[in-house]
Amino acid sequence: MFDIDLWREIFQSINKNRTRSILSGFTVAFAILLFVILFGIANGLKNTFAEGFVDDASNSIFVRTGFTTKAHKGLQAGRRIQLKNEDQDFILDEYGNKVQYITSRIYKSVSASYKNEQNNYQLRAVNPDHQFLEKTQVVSGRYVNQSDIINKTKVVVIGRLVDEDLFLKTTPIGKYINLNGIQYKVVGVFEDDGGDNEERMIYMPLTTAQQIYGNNDYVDQINLTYNPDLDFDEALDFSRSLTDKLKDRFSVAPMDQRAIRVRNLANESQQVGIIEVAISIFVIIIGLGTLIAGIVGISNIMIFIVKERTKEIGVRKALGASPKSIVSIIMFEAIIITTIAGYVGLILGVVILKLAKPILEENFLKNPSVDSSLVLTATFVLILAGAIAGYLPAKKASKIKPIVALRDD
Amino acid sequence: MLKISKLHKSYPIGDSSLHVLKGIDLSVDSGEMVAIMGSSGSGKSTLLNIIGMLDELDKGEYVLDNVPIVDLNEKKAAIYRNKFLGFIFQSFNLINYKNAIENVALPLYYQGFKRKERLEKALFHLSKVGLSDWAKHLPNELSGGQKQRVAIARALAADPKLLLADEPTGALDTKTSHEIMEFLQQLNDEGKTILIVTHEEDIADMCKRIVRLKDGVIMEDKFVTQVRASQYV
């Protein structure tokens, strides 16, 4: 297969006809360039859609409460429904096998300070399961654990940006942070893909917050994830049944939409999934279209090249070139032009995407890039494309009769 | 060396066909230098193309160096051409993006010689035609006579049994023509069998035998006293 002389012949022919080779490569380079940019933008679009969901596990269910809007069982409308610790236990008792993680949440706004630095942050008091629900990545120290819940310890886990704001260059683990006048020990720092707001968050054990802010067992919200083995329909059934049970428990009218709200991400993530598939299909169709246009372009020019080189091919045949060697010369020339031009297009595309990234990200395209696996795929596709592009012209060339070629002047 | 009997060839023209060669019998021995003459349309080039396996015969027999040339497919023809034949064309037919030595080395490439060997042999043949100083020059940097000498070196490179020349002096002036003929005569003196298609009487006179074609048949086939080209140079 590897024949140094064959390659020498091909590179000589490409090199001696540089303009022609560059021009014929141009179509492919342009096709790949367009494809890469399109692919990157589509990726950005997909990332934007997915962004709303990377923050939370896609099998999340949120339970929130509000005021009743309908009178029911002798109770008036306008009653406030308050979730408590026992409601989380109730859900676990009823649906233990369907629940993967569960946590309660309390929200507070706090003013935090360390030494001379001071700022306002959101505080979430949570159970240890919250880490998995929110996809929190602890980068140093630890998260809230069960013993914190039992002992109501005064510890906090702070977001990366809180760390940057307050602790500047020093490491925060083990230091004491002042939240609304009370000292808490920092036990961990976390990152979150959900964006800057999520990283300006402070987590605290649920029970600690309950004791300090009101000495009760109230919670603002219950978050849970359902067992990932449940399929889409089972997941929807689960959240519907959960809604009914909770409405019954709090004596809320079945039709009351405000008092108890259960939001199931399964619904939304399925819609996003459909949109992502649609974008992928769109990109593949356009990409294939441009690639085919490129192949046709190369093929066209190769046919022209064969026509132009008819005489040379005739001479080669008269000197004893076999049809096979003529086919290889034309085929490999097409493959080499396609591959090199393709890579030029690919690299240009990647560079353009990189340069345009800030502008694109302003316009809601998150991280518009192509991954490295595409490069491998592209290599394969380009060689194949070159072979396809070269096949017809090569066949045509091998059929040239030397007598016809030599007469041709 | 070469034996042709009852050779027929016709070309289709629209619905009818043009009968170009109508039963040619010709045999050439090793070491001969034969001129094939005839006016245009006499079939002389067709005959040369069939001998050169660039074209196929319709009817008849063709034996080259005791090998019957039958059922030629492209691959077989390529091997025979490479092994038996060297071509010299009127328009030189050098590959314009290859320099002189690369052009000469080309048939050796198709014979499967290694690059180093190829270039050595090519340089040897170039020096034989007196162009070793021009090895790295492209064809368009050479004069007509030099181009034809490169073409001759290329035809010789593969060490063919038979040298076929189609109007080798057709594109050259008289002086250069005589130089080329002198060189071909030298090759013939060394034992090469040469077939030359020409319509110029003085070129034909420099061969040892003249075969005259008219309307697809051999009119005359005679041995002549060779006029040495060297006396004109």
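If you're wondering where the values come from, they're calculated on a predicted model, not measured in any experiment.

Re the overall build of chain A
Secondary structure summary: chain A contains 14 helices and 12 strands in total. Relative to the 2.2 N^0.38 estimate, which gives 22 Å for 409 residues, the radius of gyration of chain A is 33 Å and therefore markedly larger than a compact globule would have. Dimensions along the principal axes, computed over C-alpha positions, put chain A at roughly 105 × 55 × 35 Å. Evaluated residue by residue, chain A yields a buried proportion of 47% over its 409 residues. Contacts in chain A between residues at least 24 apart in sequence constitute 77% of all its contacts with a sequence separation of at least 6. Taken as two groups, the 46 positive and 44 negative side-chain charges of chain A have centres that lie 7 Å from each other.

Some remarks on the pairing of strand 6 (residues 155-159) of chain A
The side chains of a regular strand alternate, residue by residue, between the two faces of the sheet. All names here are of chain A. Within strand 6, 5 of the 5 residues are buried, which leaves the element mostly enclosed by the surrounding structure. With 5 bridges connecting them, strand 6 and strand 8 (residues 182-191) associate as parallel partners. Counterpart to Val155 in the pairing with strand 8 is Lys185.

Things to note about a nonpolar patch on the surface
Together, Phe11, Ile340, Val344 and Leu348 of chain A give the surface a local cluster of nonpolar side chains, amounting to about 360 Å² of exposed area. Looking at which element gives the most residues to the nonpolar patch, the answer is helix 12 (residues 323-362) of chain A, with 3 residues.

What to know about the packing of aromatic side chains
Residues and elements named next belong to chain A. Under the counting rule described, the total for this entry stands at 12 aromatic pairs over all chains. Judged by centre distance (5.1 Å) and plane angle (55°), the ring pair of Trp7 and Phe332 falls under tilted. You can see Trp7 sitting in helix 1 (residues 4-16) and its partner Phe332 sitting in helix 12, a full 325 residues away along the chain. One residue, Arg249, lies across the ring of Phe90, its end atom 4.3 Å from the ring centre.

Some points on the environment of Ser91 of chain B
With respect to the helices and strands, the residue Ser91 of chain B is situated in the loop between strand 6 (85-88) and helix 3 (100-111). Put simply, Ser91 of chain B and Pro12 of chain B are 79 residues apart on the chain and 26 Å apart in space, counted from C-alpha to C-alpha.

A word on the interface of chain A and chain B
On the side of chain B, 23 residues touch chain A, which itself brings 29 residues to the contact. Interface of chain A and chain B: buried area, both sides summed, is about 2400 Å²; carbon and sulfur atoms make up 56% of it. Counting every contact that joins chain A to chain B gives 2 salt bridges. Note that Glu9 of chain A is salt-bridged to Lys98 of chain B, the shortest N-O span being 2.9 Å. Counting across the interface, chain A meets chain B through 11 residue pairs in polar contact (both at pLDDT 80 or more). Those elements that provide at least two residues to the side of chain A that touches chain B are helix 1, helix 11 (310-318), helix 12 and helix 14 (402-407) of chain A.

Comments concerning helix 3 of chain B
All names here are of chain B. The element helix 3 is extensively covered by neighbouring structure, given that 10 of its 12 residues are classed as buried. Buried residues of helix 3: Ala100, Ile101, Asn103, Val104, Ala105, Leu106, Pro107, Leu108, Tyr109 and Tyr110, and no others. One or two residues past the end of helix 3 sits Gly112, with phi positive at roughly 90°.

A look at the domain arrangement of chain A
Where the parts come together, the accessible area they lose is often given as the size of the interface. As far as domains go, chain A holds domain 1 (4-53 + 271-407) and domain 2 (82-249). Relative placement of domain 1 of chain A and domain 2 of chain A: their C-alpha centres are 53 Å apart.

Description of the sheet that holds strand 1 (residues 2-13) of chain B
Residue and element names in this part refer to chain B. Read from one edge of the open sheet, 4 strands run 2-1-4-5, paired in antiparallel fashion. Of all the strands in the sheet, just strand 2 (16-28) and strand 5 (67-68) have a single pairing partner and so form its edges. The sheet contact formed by strand 4 (residues 59-64) and strand 5 spans 2 bridges and is antiparallel. When the bridges of strand 5 are listed, Val63 appears paired with Pro68. Where helix 1 (residues 44-51) meets the sheet, it contacts strand 1, strand 2 and strand 4, and its direction lies at approximately 120° from that of strand 1.

Quick notes on the nonpolar core
Residues Leu47, Ile51, Met53, Leu64 and Leu195 of chain B are the most contacted members of the largest nonpolar core, which totals 79 residues. With 13 residues, helix 12 of chain A is the single largest residue contributor to this core. When residues no more than four places from it in sequence are discounted, the contact partners of Met53 of chain B are Tyr62, Leu64, Ile69, Leu72, Ala77, Tyr80, Arg81, Phe84 and Leu85 of chain B. Listed in part, the 54 residues of the second largest apolar core include Phe90, Tyr114, Ile149 and Val157 of chain A.

A word on the sheet that holds strand 6 of chain B
Residue and element names in this part refer to chain B. Reading across from one edge, 6-7-8-3-9-10 is the order of the 6 strands in this open sheet, with mixed pairing throughout. The sheet is open, and its two borders are formed by strand 6 and strand 10 (217-223), each paired with just one other strand. Shown here is a sheet whose adjacent strand axes are inclined to one another by a mean of 15°, direction ignored. Where strand 3 (residues 33-37) lies against strand 9 (residues 209-214), 4 bridges are found, and the strand directions are parallel. Bridge pairing links Val34 to Arg209 in strand 9. In this fold helix 2 (residues 74-84) packs onto strand 6 and strand 7 (162-166), with an angle of close to 80° to the strand it touches most, strand 6.

Here is what the cut-offs are and how they apply
- Residues numbered from 1 in each chain as written.
- Chains lettered and ligands numbered in written order.
- Predicted model: local features only at pLDDT ≥ 70, side-chain atom pairs only at ≥ 80, totals over all residues.
- Heavy atoms only, no water.
- Helix = DSSP H or I, 4+ residues; strand = E, 2+ residues; numbered from the N terminus.
- Rg over C-alpha atoms; globule rule 2.2 N^0.38 Å.
- Buried < 20%, exposed > 50% of the residue type's maximum accessible area, 1.4 Å probe, protein only.
- Contact = heavy atoms within 4.5 Å.
- Lys, Arg positive; Asp, Glu negative; His and termini not counted.
- Charge placed at Lys NZ, Arg CZ, Asp CG, Glu CD.
- Pairing = 2+ DSSP bridges.
- Patch = residues over 30% accessible without salt bridge, like charges linked within 9 Å, V, L, I, M, F, W, Y side chains within 5 Å.
- Areas by Shrake-Rupley, 256 points an atom, 1.4 Å probe, with all protein chains shown as cover.
- Salt bridge = Lys/Arg side-chain N within 4 Å of Asp/Glu carboxyl O.
- Phe/Tyr/Trp six-rings, centres within 6.5 Å; stacked < 30°, edge-to-face > 60°.
- Lys NZ or Arg CZ within 6 Å of the ring centre and 35° of its normal.
- Buried area = accessible area lost by both parts, 1.4 Å probe.
- Polar contact = N/O pair within 3.5 Å; in protein donor to acceptor, adjacent residues only side chain to side chain.
- Domains from an automatic or database assignment.
- Axes fitted to C-alpha atoms, helices over the stretch in contact; angles between N-to-C directions.
- Core = buried A, V, L, I, M, F, W, Y, C linked by side-chain atoms within 4.5 Å.

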